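The residues making up each chain are set out below.
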Amino acid sequence: MSLFHHLLSRSLPLWHVFFLTFLVLLGKSQKEVLQVKVGIVLDTNVTLADLSLRAINMSLSEFYSTHNGFKTRIVLNIRDSKRTVIGAAASALYLIKKREVVAIIGPGNSMQAPFLINLGNQSQVPIISFSATSPVLDSLRSPYFIRATHDDSSQVQAISAIIESFRWREVVPIYVDNEFGEGILPYLVDAFQEINVRIRYRSSISAHSSDDQIKKELYKLMTMPTRVFVVHMLPDLGSRLFSIAKEIGMMNKGYVWIVTNGIADQLSLKGESSLENMHGVLGVKTYFSRSKELMYLETRWRKRFGGEEINNFECWAYDAATALAMSIEEISNVHMSFNKTKTNTSREDIGTDLDDLGVALSGPKILQALTTVSFKGVAGRFQLKNGKLEAKTFKIVNIEESGERTVGFWISKVGLVKSLRVNQTDIKISHSSRRLRPIIWPGDTIFVPKGWEFPTNAKKLRIAVPKKDGFNNFVEVKKDANTNAPTITGFCIDVFETAMRQMPYAVPYEYIPFETPDGKSRGSYDEMIYHVFLGEFDGAVGDITILANRSSYVDFALPYSETGIVVVVPVKDEREKGKWVFLKPLTWELWVLTAASFLYIGIMVWIFEYQANEEFRGQSIINKISNVFYFSFSTLFFAHMRPSESIFTRVLVVVWCFVLLILTQSYTATLTSMLTVQELRPTVRHMDDLRKSGVNIGYQSGSFTFERLKQMGYKESRLKTYDTPQEMHELFLKKSSNGGIDAAFDEVPYVKLFMAKYCSKYSIIEPTFKADGFGFAFPLGSPLVPDISRQILNITEGETMKAIENKWLLGEKHCLDSTTSDSPIRLDHHSFEALFTIVFVVSMLLLLAMLVYRRYQEIEGGETNAPPSPPRDDNMRAPAASPPNDDQVHEPPGPALHEADAPDAQDQLLNDEVNVGDRNEVDIIVEVDPTLIHRRNLITSKTIPIRRAVPLFSRIKSA
């Protein structure tokens, strides 16, 4: 050993010793790294597969260069699937059995995937695909299938949003006839049904179809009215399709083409000629955010591979390789081997390659690691959900000759937006085309195609027209006696033809009467609608009522007639006749109240006049009653000529006359109306009365009103049919007792036409039932419906509808309000309740005022009476006065009573309660002096009653 060291020290320098030691240690560390076999099944010598393989190698190289401390290294085993399903299956079987790979990346397309998925499920080898996007693969329900890409079904909501934003009603999907093309179709159908878009036809084209076969299919599409096409196929077949479409004129103005990401994601791989053929096409493209990871990869990609651009599939392949490397490193302590079980076979049975297929012991652990791995990759966040990546954003591109142009984005739970820079939390879901930037459509136009049109070689629309015998103002079918050609006229026909003339495009159509060969009606309106649903007719025009049950079979345009169902009944003239008609204007309650008021006013007048009128008090009781009530009732005619003595009576009479003025004027007006105005009263007030009375009700033949009446509880035996207004009138004349009707239940347009002729004999009663009016019927999803509805709005809002109505419904305007009201309103006590209350309140206030005033006079009279004068001396005598002559009057001695004192004496006498006329107990004999007689005359000249002046004479005599 010492010799060896001696030789080594002499022959090699010291730094060589350290270098050799480093190499030995490095080799030892390399032996400790675990190499894990991973298979790749792709179509080699194909551009997309070659680029994807580059991305996988680049991913692993860069991953391990930045993680050189990892214990595992993936070793790729690449097999060529030779573009066939069998080649892919054989390659996968070889890798599992011979190479014992723990995972397989591939295959390159959805057609090759099913067998590989089943094989991986049996051997517990995860199959990781970055390009098999068909949703059909999910039906295999294999946990060992990992879709490191987006499912094709994730883009159908973006396509649906585009269709809805431009209000296209019909779509034709064009797809490749294999697993890739058919996988998306169920999801498209569901998405279009949600927005009420009809798929008129499904066009499937084989991947191996010749150009003539493709051209034949496109010519077939040209004969259809639909002009919106959704294309889902691979780029190679798509390029041929658009080249032929441009050749035959299907890339001109009026067409709409939308391609899925199967074509849009690989536009960069196509040449300029393909872009020229696709000018004006809209594309739904997978969107990756411009992260720093993606930008760094693009930079390294261009440096390494030249000017070639990296596409979505390369990004998914790059991330798939990274995720697999991270998962294998996570389970580095797991034994990477297969458990092989050999099957015993007889000599005759040589067995198959699947008999001794082993099971990877590491499979479940790798699968678990893959489902939980999460990192920020070049294609966004790599995190599997239900075994696949979840797509949240798609880019909407407009393909032009120079390339693609972004016109907007579709974001999950948001919808279409123009840009991603705005705050999306404040944006509500919108279906408006304004959410996209301006689009260049095929034919190099910016005007949005309407989505459908009638081709020049298309057949005419078959429009069904009802055959009916009455109400021909709405629709009438006549046939020429020579040619047997039908002639269709009427109000509904004119409205329809006016709408069709105003359409922005030509629509050829022909009328087909809904009748039997012998010229009779084929059935009810419901049956005609059902034949439209079955496809026998392309539409139905006439007086067809819009109903909920009918809308389940057809689509209706907007109604163009008045709505509602009403009840018509006869009317009778009930002008008031008879000798007691003068009592009819007032109700008996008001008559009683008025009489009581007269009695009450008489009593109040009695009270007031008794206190103020001396003459009234002197009358007998009979005269008092007669005078009071004569005065009260004479106010009715304002004939109370004699003025009352009491101010309270006068105030009360003024108020009472005001009330009588209003009462008499109202009475006169009502009585005049009863005697002069014709009163047309309906024989039935309400429809409930018809149900109670059990009378017959008429309805129009073939109308839905028959079912409506049955639902309302009317017996079918009580329902009678009519076809014309004349038959309806004749049934009314017969009445229910003779097999006729007492009411008719029909729609407003028919009733108005009937009332235009018989408006003076019939009336419309309450209530009015709901109905949506007349509308034109078309098959479900027909694109004609919105356009015709817009034209109907233009017609009904303008003068055109008035002109059509005047033409066919002339005379209706004379009886528009032929519904007669009830009899004139009779006046009741409620109408004058306030006036009688005022009279009562005023009378009570006047009575209270009178009592207060009387009390006040009594108090004032007691205070102004003077005390009695003292007795005079007997010796004092008044000198005898000479008798007065004719020219002079001598006053007696003592205090003189002048005329100026007369008022005081009068007041004193008025307050004296002694009534001389009533004294019957003692006869007083007074010797009257002539001077006192003169003074008596002087006092009584002041209009003081004589009987009240007697006490004064007594006091003067005593003096």
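Residues numbered from 1 in each chain as written. Predicted model: local features only at pLDDT ≥ 70, side-chain atom pairs only at ≥ 80, totals over all residues. Heavy atoms only, no water.

This part is about the overall build of the protein chain. A tally of helices and strands in the protein chain yields 31 helices and 32 strands. Looking at the protein chain as a whole, 46% of its 959 residues qualify as buried. Split by element, the accessible area of the protein chain, about 51,100 Å² in all, is 54% carbon and sulfur. (Helix = DSSP H or I, 4+ residues; strand = E, 2+ residues; numbered from the N terminus. Buried < 20%, exposed > 50% of the residue type's maximum accessible area, 1.4 Å probe, protein only. Areas by Shrake-Rupley, 256 points an atom, 1.4 Å probe, with all protein chains shown as cover.)

What follows is about the packing of aromatic side chains. Counted under the stated rule, the structure contains 41 aromatic pairs. Between F496 and F776, the aromatic rings sit 5.2 Å apart at their centres with planes inclined by 75°, giving edge-to-face as the arrangement. Taken together, the positions of F496 in helix α16 (residues 491-501) and F776 in the loop between β31 (762-769) and β32 (777-779) put the pair 280 residues apart, joining distant regions of the chain. Note on accessibility: F496 and F776 belong to one class, buried. Here the aromatic cluster, defined as three or more aromatic residues joined through ring pairs, consists of F471, F474, F491, F496, Y509, Y511, Y560, Y722, Y750, F774 and F776. Taking NZ or CZ as reference, R79 lies 4.2 Å from the ring centre of Y94, over its face. (Phe/Tyr/Trp six-rings, centres within 6.5 Å; stacked < 30°, edge-to-face > 60°. Lys NZ or Arg CZ within 6 Å of the ring centre and 35° of its normal.)

Moving on to the UniProt feature "transmembrane region" (unreviewed entry) in the protein chain. If you check UniProt for "transmembrane region" (unreviewed entry), the listed places come out as residues 590-609, 621-641, 647-664 and 834-853 in our numbering. Measuring from the first to the last C-alpha atom of residues 647-664 gives 26 Å, for a span that is 100% helix and 0% strand. With 100% helix and 0% strand, residues 834-853 has end C-alpha atoms that lie 28 Å from one another. (UniProt positions renumbered as here; feature names shortened; annotations may be inferred.)

A separate point is the side chain of E217. Within the fold, E217 resides in helix α9 (residues 211-222). Among buried Asp, Glu, Lys and Arg side chains, E217 stands out as unpaired, with K220 the closest opposite charge at 5.1 Å. Once you skip the residues sitting within four places of it in the chain, E217 turns out to touch Y201, S203 and I205. (Lys, Arg positive; Asp, Glu negative; His and termini not counted. Salt bridge = Lys/Arg side-chain N within 4 Å of Asp/Glu carboxyl O. Contact = heavy atoms within 4.5 Å.)

Per-residue pLDDT for the protein chain has a mean of 79; in total, 77% of the residues score no lower than 70. Throughout residues 1-12 the model reports pLDDT below 50, and contacts reaching past four residues in sequence, or to other chains, amount to 1 contact. Long-range and interchain partners of residues 14-20, a stretch whose pLDDT sits below 50, account for 1 contact in this model, where long-range means more than four residues apart. (pLDDT = per-residue confidence, 0-100.)

Whenever strands of a sheet pair, they do so through backbone hydrogen bonds, lying parallel or antiparallel. In spatial order, the strands read β2-β1-β3-β4-β5-β16; together these 6 strands make up an open sheet with parallel pairing. One side of each edge strand has no neighbouring strand; the edge strands of this open sheet are β2 (72-80) and β16 (388-389). Where strand β5 (residues 145-150) lies against β16, 2 bridges are found, and the strand directions are parallel. Considered in β16, the bridge of H150 is made with L389. Relative to β2, helix α3 (residues 47-66) is tilted by about 170°, and along the sheet it contacts β1 (34-42), β2 and β3 (104-105). (Pairing = 2+ DSSP bridges. Axes fitted to C-alpha atoms, helices over the stretch in contact; angles between N-to-C directions.)

Let us now look at a nonpolar patch on the surface. On the surface, a nonpolar cluster with roughly 460 Å² of combined accessible area is contributed by Y530, F533, L534, Y553 and L780. By secondary structure assignment, the location of Y553 is in the loop between β24 (539-540) and β25 (554-556). (Patch = residues over 30% accessible without salt bridge, like charges linked within 9 Å, V, L, I, M, F, W, Y side chains within 5 Å.)

To continue, consider the pairing of strand β29 (residues 719-722). The two faces of the sheet receive side chains in turn, since in a regular strand these alternate between them. Where strand β28 (residues 697-700) meets β29, 4 bridges bridge the pair, whose relative direction is parallel. Within β29, the residue paired with Y699 across the bridge is T721. Chirality of the crossover, the property in question, places the unit of β28, helix α23 (residues 705-711) and β29 among those that are right-handed. (Right-handed = clockwise from strand over helix to strand, strands pointing away.)

Counting residues in each nonpolar core, the largest one holds 52 residues, and the members touching the most others are F474, F491, Y560, V568, F776, L784 and I788. Contributing elements (two or more residues each) for this core: β20 (461-466), α16, β26 (565-573), α24 (725-734), α25 (748-758), α26 (784-797) and α27 (800-808). Here this core gathers at least three residues from each of two domains, domain 3 (461-561 + 776-810) and domain 4 (568-573 + 680-771). Discounting chain neighbours no more than four positions away, the residues touching F474 are T489, G490, F491, C492, I493, D543, P749, Y750, L753, F774 and L809. In this structure, V38, L48, Y318 and I366 belong to the second largest nonpolar core, which totals 51 residues. (Core = buried A, V, L, I, M, F, W, Y, C linked by side-chain atoms within 4.5 Å. Domains from an automatic or database assignment.)

A cluster of like positive charges, contributed by K37, R79, K82 and R99, occupies part of the molecular surface. Tracing the sequence through the fold places K37 in strand β1. (Charge placed at Lys NZ, Arg CZ, Asp CG, Glu CD.)

Tallied over the entire structure, the rule returns 24 salt bridges. With a shortest N-O distance of 2.6 Å, K479 and E515 are connected by a salt bridge. Taken together, the residues span a long stretch of sequence, with K479 in strand β21 (residues 476-479) and E515 in the loop between β23 (509-514) and α17 (525-534) at a distance of 36 residues. Taking the relative accessible area as the measure of exposure, K479 reaches 40% and is therefore partly exposed.

Before going further, it helps to spend a moment on the environment of S551. With respect to the helices and strands, the residue S551 is situated in the loop between β24 and β25. By relative accessible area, S551 is classed as partly exposed at 38%. Expressed as a C-alpha distance, the spacing of S551 and A777, which sit 226 residues apart in the sequence, is 8.8 Å. The residues contacting S551, other than those within four sequence positions of it, are F556 and L780. At 2.6 Å, the side chain of S551 forms a polar contact with the backbone oxygen of A548. (Polar contact = N/O pair within 3.5 Å; in protein donor to acceptor, adjacent residues only side chain to side chain.)

So, about a negative patch on the surface. Among the surface-exposed residues, E272, E276, E401 and D444 lie close enough to one another that they form a single negatively charged patch. Along the chain, D444 falls in the loop between β19 (415-417) and β20.

Okay, the packing of α3 against helix α13 (residues 292-305) next. Two elements in contact, α3 and α13, have axes separated by 12 Å at closest approach and are oriented at 115°. When the axes of α3 and α13 are compared, the pair comes out roughly perpendicular. Between α3 and α13 the crossing geometry is right-handed. Residues L51, R54, A55, M58 and E62 of α3 form the contact with α13, whose own contacting residues are L297, R300, W301, R304 and F305. Partitioning the contact of α3 with α13 into residue classes produces 6 nonpolar, no polar and 4 charged. (Parallel < 35°, antiparallel > 145°, perpendicular 65-115°, else oblique. Left-handed = near helix turned anticlockwise from the far one by under 90°. Nonpolar A, V, L, I, M, F, W, Y, C, P; charged D, E, K, R; others polar.)

Turning our eyes to something else, we now look at α17. Inspection of α17 places Y525, M528, I529, H531 and V532 among the buried residues, and these make up the whole buried set. Along the axis of α17, the buried residues cluster in a sector spanning 155°; they form a single face. Residues of α17 that are buried sit in contact with β20, β23, β24, β25 and β32. (Arc of directions from axis to C-beta.)

What follows is about the pairing of β28. Neither face of β28 is open: one carries I697 and Y699, the other G698 and Q700, and all of them are buried. In the sheet, β28 pairs with strand β30 (residues 743-747) via 2 bridges, with the strands oriented parallel. In the strand pairing of β30, G698 is matched with A744.

This part covers unusual backbone geometry. A cis amide bond links G106 with the next residue in sequence, P107, at an omega value of 0°. Examined against the element boundaries, P107 turns out to sit in the loop between β3 and α5 (113-123). For K413, which is not a glycine, the phi torsion comes out positive at approximately 70°. If you trace the backbone, K413 turns up in the loop between β18 (403-411) and β19. A positive phi angle, near 50°, is found at F471, a position not held by glycine. Here F471 shows up in the loop between β20 and β21.

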